[in-house]
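Coordinate inspection notes
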Amino acid sequence: MSKDNRKHNLRKIFIRPISNEKWQPITIPLVSIFISFIAAAIVILIIGKNPFQAFYNLLQGAGIMPKPSYAGYKGMLTDFLSLLNAMTPLVFASLAVAVALKAGLFNIGVSGQMLVSGFLATIIVGYSGLDAIFAKPLVLVIGIAAGGLMGGLVGWLKYKFNINEVVSTIMLNYIAQYVISFFIQMYYIDPISRQSKYIEEAARLTLVNVEIANLKMDIPLGFILAIVTAVFLKFVMDKTVVGFEIKAVGKNRNAAKYAGIHVGRNTVLAMMISGGLAGLAGVTYYLGYFSSIQPKVLSSIGFDSIAVSLLGNSHPIGVIFSSFLVSIIDQGSTYMSSQAGIRQEISSVIIGLILLFSACGEYLKQKVSRLKEKDLDQKKGES
């Protein structure tokens, strides 16, 4: 067998799994994840540790695999529910980024939108004394409204004054961070924790220490809503006029305008939807996963969500799986560190590698397309 034939056969083996354009939104991220874990395994080997043991410990820490022993009232199920609790705001935040990307916009302000929504829901409902049956739905409504208005403002600035959404969202992040920090420090500070006063349990979107079958669990009420929202969002984007117009504006603004689509209205609408989803991320984070707000700190989830959305190919269902993967690595890192003797920061290295290789998705698509054209030309030449 000649060298060219061997190279051609190897190319077919590696390219064939991602050559089908219909399945590329799934296959390319999977290939990226696979390559990144190989790269991470090499890094772990270099520092003298067993990568298989490290990855297994990672799964144990996230509640995917059982640990050898557990503390009282704890078990594999409690670890898994903690994983879902941490994952819930990340799903909402990543969906917020995905909607903006579909419209050709880059929402860097998810963290600020989360903070504003969480703060308003905290002071309006979290300290109100309302019964849970009224408080929990009202928290969600405030989250959607506050985030939607903030996102809509960014869209309006883009449409009316052509202010780049990256600039406006970054500036609004700083405004939200320091204005809300001022109010917390002045009126709502807890003198012991130096954070905002803890909200009442009735307003919290996570049921804490619920005892079932001799286990004390944290049950995230927003998780099911996050899954339903992702499915509904996919339906809107694929099957409705609103979704078609938003995607058309994102693909080519001039062509969309020529076709009679109102570009400005859809820009504002897309950012309102994005902001509303960021608001849901905020209330499930500050009134769910946590029950208070740390002054002068923006949640890293707002920035992680950009990478998670890109890993999920800005597809609502893909976002669920990419959020799940990143949450496993994040939640399991502490246990991996203690059991495998690997520094906890290695989890950030793994996530970084996944995102680095997922960023090469467009390159892989172009490479596959060129190789297919080359093979087609070769077959024509042989015939």
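Refer to the structure printed above.
Residues numbered from 1 in each chain as written. Predicted model: local features only at pLDDT ≥ 70, side-chain atom pairs only at ≥ 80, totals over all residues. Heavy atoms only, no water.

1. A word on the packing of aromatic side chains
Counted by the stated rule, this structure contains 11 aromatic pairs. Between Phe-119 and Tyr-188, the ring centres sit 6.0 Å apart and the planes meet at 75 degrees, which makes this aromatic pair edge-to-face. Of this pair, Phe-119 sits in helix α5 (residues 110–126) while Tyr-188 sits in helix α7 (residues 165–188); the two residues are 69 residues apart in sequence, bridging distant segments of the chain. Its relative accessible area of 8% is what places Phe-119 among the buried residues. Classification of Tyr-188 by relative accessible area gives partly exposed; the value is 23%. Measuring from ring centre to ring centre gives 5.1 Å for Tyr-285 and Phe-290, while their planes differ by 80 degrees; the resulting arrangement is edge-to-face. On the basis of relative accessible area, Tyr-285 is assigned to the buried category, the value being 14%. A connected cluster of aromatic rings, assembled from ring pairs, spans Phe-119, Tyr-127, Phe-182, Phe-183, Tyr-187 and Tyr-188. Between Lys-216 and the ring centre of Tyr-73, over which it is positioned, the NZ or CZ distance is 4.6 Å. (Phe/Tyr/Trp six-rings, centres within 6.5 Å; stacked < 30°, edge-to-face > 60°. Helix = DSSP H or I, 4+ residues; strand = E, 2+ residues; numbered from the N terminus. Buried < 20%, exposed > 50% of the residue type's maximum accessible area, 1.4 Å probe, protein only. Lys NZ or Arg CZ within 6 Å of the ring centre and 35° of its normal.)

2. Notes on the packing of helix α2 (residues 24–46) against helix α14 (residues 346–358)
Interaxial distance between α2 and α14 falls to 8 Å at its minimum, and their mutual angle equals 145 degrees. Once α2 is placed against α14, the crossing between them reads as right-handed. When α2 is examined against α14, the residues Ser-32, Ile-33, Ile-35, Ser-36, Phe-37, Ala-39, Ala-40, Val-43 and Ile-44 are found in contact with a partner set consisting of Ile-346, Ile-350, Leu-353, Ile-354, Phe-357 and Ser-358. (Axes fitted to C-alpha atoms, helices over the stretch in contact; angles between N-to-C directions. Left-handed = near helix turned anticlockwise from the far one by under 90°. Contact = heavy atoms within 4.5 Å.)

3. Some remarks on the environment of Ala-146
Mapped onto the elements, Ala-146 comes out in helix α6 (residues 132–161). Relative accessible area serves as the criterion here: at 11%, Ala-146 is assigned to the buried category. Measuring from C-alpha to C-alpha, the distance between Ala-146 and Ile-47 comes to 47 Å, with 99 residues separating the pair along the chain. When neighbours within four sequence positions are excluded, Ala-146 is seen to be in contact with Ser-117 and Leu-120.

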